[in-house]
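Topology and contacts: notes
Each chain, letter by letter, is given below.
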Amino acid sequence: MAQTPVIELRHIQKHFGTLHVLKDINLSVAQGEVVVIIGPSGSGKSTLCRTINRLETIDSGEILIDGAALPQEGRELARLRAQVGMVFQSFNLFAHKTVLDNVTIGPMDVLKTPKQQAREEAMTLLRRVGVDTQAAKLPAQLSGGQQQRVAIARALAMHPKAILFDEPTSALDPEMIGEVLEVMTRLAREGMTMVVVTHEMGFARKVADRVVFMDSGEILEQNTPEEFFTHPQTKRAQDFLDSILKH
Amino acid sequence: MSAQPSIRDFLYEPPGPRARRRITAATVVSAAAVAAGLALVVRQFAVTGQLDARYWSFFARATTWRFLGQGLAGTVKAALAAGALTFCMGLLLMLGRISRFRPLQAVSRVLIEFSRGVPTLLFIYFFFLAAPQLGLKLSAFWKVAVPVALSAAGMVAEVLRSGVNAVPRGQTEAALSLGMRDGSVFFKIVFPQALRSVVPALISELVIVLKDTTFAYVVNYADLMQNAKVLISNYDALLSVYLVVAVIYILINYAVNKLAEAAARRTAPAGKEPLHGTDTRN
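So, here's what we can say about the structure. (Residues numbered from 1 in each chain as written. Chains lettered and ligands numbered in written order. Predicted model: local features only at pLDDT ≥ 70, side-chain atom pairs only at ≥ 80, totals over all residues. Heavy atoms only, no water.)

Along the backbone of chain A there are 9 helices and 10 strands. Compactness check: chain A gives a C-alpha radius of gyration of 18 Å against a globular reference of 18 Å for 247 residues, within 12% of the reference. For the C-alpha atoms alone, the extent of chain A along its principal axes is close to 55 × 45 × 40 Å. Within the span of chain A, comprising 247 residues, buried residues form 53% of the whole. When the accessible surface of chain A is summed, it comes to about 10700 Å², and 48% of that surface belongs to carbon and sulfur atoms. For chain A, the separation between the mean place of its 27 positive charges and that of its 30 negative charges on side chains is 5 Å. (Helix = DSSP H or I, 4+ residues; strand = E, 2+ residues; numbered from the N terminus. Rg over C-alpha atoms; globule rule 2.2 N^0.38 Å. Buried < 20%, exposed > 50% of the residue type's maximum accessible area, 1.4 Å probe, protein only. Areas by Shrake-Rupley, 256 points an atom, 1.4 Å probe, with all protein chains shown as cover. Lys, Arg positive; Asp, Glu negative; His and termini not counted. Charge placed at Lys NZ, Arg CZ, Asp CG, Glu CD.)

Take a look at the structure:
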């Protein structure tokens, strides 16, 4: 691989007390790549996702963003975080701010974008995710699907090098999952680098460049979706796929 | 019972026919008891001559009311100044208390306990008697406002802190993930939400501050209470003046509490109860 990976994890170890949640994780994500992390609950996939911008600390190992080591704290950490967007399971839109302000606050506070420009860019992004008509509302007035699309626009407003999706559809009603996945699919097609923790196997199969299978804190398999879903190499991956694809 | 769901609906099941009869009976009995008590008080007043014209006639004069009005203005001014001071000090104490810097945390914790534990009157005496000897000379106004604020600041700090703790962790995480620094995260994301949830509790705290300003008589600051005392000695009328003044205090504090309720309704997010709302809806 000639290019520097956008995200690179080397020998990540993490414990929650006596529980070994991440066991020697090595993962690299190339420019424009869509990596989908799947695995049973409690396998550490969400934790892994959250270590990438240090919302979870690690015990040892190295995290590189675009070749630069992720700093432990302070201004440098904030600067790297600004380059990696994050979309949460529970949306986490700022409850006291309007939809528009949710999208402009990042650029204005962190990138010092002038207000007018930030608003114009935000409106463009909101239009792109199809919620521009809700710009003046508060998050609580929106449906879950709409909120999550605003959250994606908020991440995009920072012009990130990559976006982390931590189970972005797990808190949504079934009829709203589709609209969020559609936005994510479009992003992937446009070349956004993405790490997606999800239970949506259809999305993984259709959109992922690579599927990473985790169980009990370990990466057991990495493969193209085609290979992974048709010829899983490990017994645990087979069992996992059997259990979810049977119905 | 109103159509709006009340706290009672959550506490008790709807009464059945027997319970309804019992409630009606209890209501009648207690109303009768209250009426009898009131009658007794009035009778006792009459017997002891407290209803005599000389105790009440001066309330017909405009000067009496102007004098009480001046006192009321003094009370309101002192309460507002003390309230503003309380908020500022409470905010600083809260920031210290949640700081990651351990020594500052410890100092704030001690100050908060000190503020909450020492009676207001002791603070007043300190500023009235001890502080001037130490070279700190304040006007009568500040001799009321500062100690009253000191004694309420610890409580306000804790109220603010409970509001901060109630803001979901995800709000902070989302702000951090955008690359916002700690200061921005706190003052732009966490604190505004915390403040909204505790505004009703803060306004209720203002009632306590307002009541504490009655200690003004100690330092001869002309508040409602102090002016009432002047009236009492002028007209040799104790009960009537205190009664009228008590009613005035009740009316003001009732208004402030109503304001707290209105604020609670305004600031509560749709479908969510305010954190410390003085919820007295029926």
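There is more to say after this.
Each side of the interface is counted separately: chain A has 23 residues, and chain B has 17 residues. Across the chain A to chain B interface the summed buried area is about 1800 Å²; carbon plus sulfur atoms make up 59%. Per-residue buried area on chain A facing chain B is highest for A:Phe94, A:His96 and A:Asp109; these three make up 33% of the total on that side. Taking the shortest distance from any N to any O, the salt bridge between B:Lys188 and A:Asp109 comes out at 2.4 Å. Seen at the junction of chain A and chain B, the total is 8 residue pairs in polar contact (both at pLDDT 80 or more). Residue assignment for the side of chain A that touches chain B shows that the elements contributing at least two residues are helix H2 (74-82), strand E6 (84-87) and helix H3 (99-109) of chain A. Looking at which element gives the most residues to the side of chain A that touches chain B, the answer is H2(A), with 5 residues. Residues of the side of chain A that touches chain B, tallied by class, amount to 12 nonpolar, 5 polar and 6 charged. (Contact = heavy atoms within 4.5 Å. Buried area = accessible area lost by both parts, 1.4 Å probe. Salt bridge = Lys/Arg side-chain N within 4 Å of Asp/Glu carboxyl O. Polar contact = N/O pair within 3.5 Å; in protein donor to acceptor, adjacent residues only side chain to side chain. Nonpolar A, V, L, I, M, F, W, Y, C, P; charged D, E, K, R; others polar.)

By the definition in use, this model includes 19 salt bridges over all chains. Through salt bridges with shared partners, a single network forms among A:Lys14, A:Arg50, A:Glu56, B:Arg169 and B:Glu173.

All names here are of chain A. Where helix H5 (residues 144-156) contacts helix H6 (residues 174-189), the two axes come as close as 8 Å, and the packing angle between them is 20 degrees. Of the possible angle classes, the one that applies to H5 and H6 is roughly parallel. The crossing of H5 and H6 is right-handed. Residues Gly-144, Gly-145, Gln-146, Gln-148, Arg-149, Ile-152 and Leu-156 of H5 form the contact with H6, whose own contacting residues are Met-176, Glu-179, Val-180, Val-183, Met-184 and Leu-187. (Axes fitted to C-alpha atoms, helices over the stretch in contact; angles between N-to-C directions. Parallel < 35°, antiparallel > 145°, perpendicular 65-115°, else oblique. Left-handed = near helix turned anticlockwise from the far one by under 90°.)

The subject of this paragraph is the side chain of A:Glu167. Residues and elements named next belong to chain A. Looking at where Glu-167 falls in the secondary structure, it is placed in the loop between strand E7 (162-166) and H6. A polar atom in the side chain of Glu-167 sits 2.7 Å from the side chain of Ser-170. Each residue touching Glu-167, except ones within four places of it in the same chain, is listed here: Lys-45, Ser-46, Gln-89, Val-197 and His-199.

This next bit is on the packing of aromatic side chains. Going through the model one piece at a time under the given rule, you end up with 14 aromatic pairs over all chains. For the pair B:Phe186 and B:Phe187, a centre-to-centre distance of 5.0 Å together with 85 degrees between the ring planes defines the contact as edge-to-face. Judged by its relative accessible area of 47%, B:Phe187 is partly exposed. What links up through ring pairs into an aromatic cluster is the set B:Trp56, B:Phe58, B:Phe59, B:Trp65 and B:Tyr235. Over the aromatic face of A:Phe94 sits the side chain of A:Arg154, whose NZ or CZ is 4.6 Å from the ring centroid. One residue, B:Lys229, lies across the ring of B:Tyr217, its end atom 4.9 Å from the ring centre. (Phe/Tyr/Trp six-rings, centres within 6.5 Å; stacked < 30°, edge-to-face > 60°. Lys NZ or Arg CZ within 6 Å of the ring centre and 35° of its normal.)

Looking now at helix H6 (residues 120-133) of chain B. Residues and elements named next belong to chain B. Between its terminal C-alpha atoms H6 stretches 20 Å, which fits the 20 Å expected from 14 residues at 1.5 Å a residue. At Phe-127, H6 shows its strongest bend, of approximately 35 degrees. Here H6 has its buried residues at Thr-120, Phe-123, Ile-124, Phe-127 and Ala-131. Summarising the contacts, the buried residues of H6 are in contact with helix H5 (102-117), helix H7 (140-166) and helix H9 (182-212). Phi turns positive one or two residues past the end of H6, at Gly-135, with a value near 90 degrees. (Expected span 1.5 Å × (residues − 1). Bend = angle between axes of the 7 residues up to and from the residue.)

The next subject is the side chain of A:Asn102. Inspection of the secondary structure assignment puts A:Asn102 in helix H3. Those residues in contact with A:Asn102, other than ones at most four positions away along the chain, are A:Leu93, A:Phe94, A:Lys97, A:Pro139 and A:Arg154.

Residue and element names in this part refer to chain A. By the element assignment, Glu-33 lies in the loop between strand E2 (19-29) and strand E3 (34-38). Between the alpha carbons of Glu-33 and Arg-210 there is a distance of 7.9 Å; along the sequence they are 177 residues apart. Residues contacting Glu-33, with those up to four places away along its chain left out, are Ser-28, Met-192, Thr-193, Met-194, Asp-209 and Arg-210. Here Ala-30 takes part through its backbone nitrogen, which lies 2.8 Å from a polar atom of the side chain of Glu-33.

All names here are of chain A. Ordered in space as E6-E7-E8-E3-E9-E10, the 6 strands form an open sheet in which the pairing is mixed. Each edge of the sheet is formed by a strand with only one pairing partner; in this case those strands are E6 and strand E10 (218-223). Neighbour-to-neighbour, the strand axes of the sheet open up by a mean angle of 20 degrees, direction not taken into account. Bridge analysis of strand E9 (residues 210-215) against E10 gives 5 bridges, and the strand direction is antiparallel. By the bridge assignment for E10, Val-212 is matched with Gln-222. (Pairing = 2+ DSSP bridges.)

Residues and elements named next belong to chain B. It is at 7 Å that the axes of H5 and H7 come closest, and there the two elements cross at 125 degrees. Considered as vectors, H5 and H7 are oriented oblique to each other. For the pair H5 and H7, the crossing hand works out as left-handed. The segment H5 lies against H7, with Ile-112, Ser-115 and Arg-116 engaging Leu-150, Ser-151, Ala-152, Ala-153, Gly-154, Met-155, Ala-157 and Glu-158. The residue inventory of the contact of H5 with H7, partitioned by class, reads 6 nonpolar, 3 polar and 2 charged.

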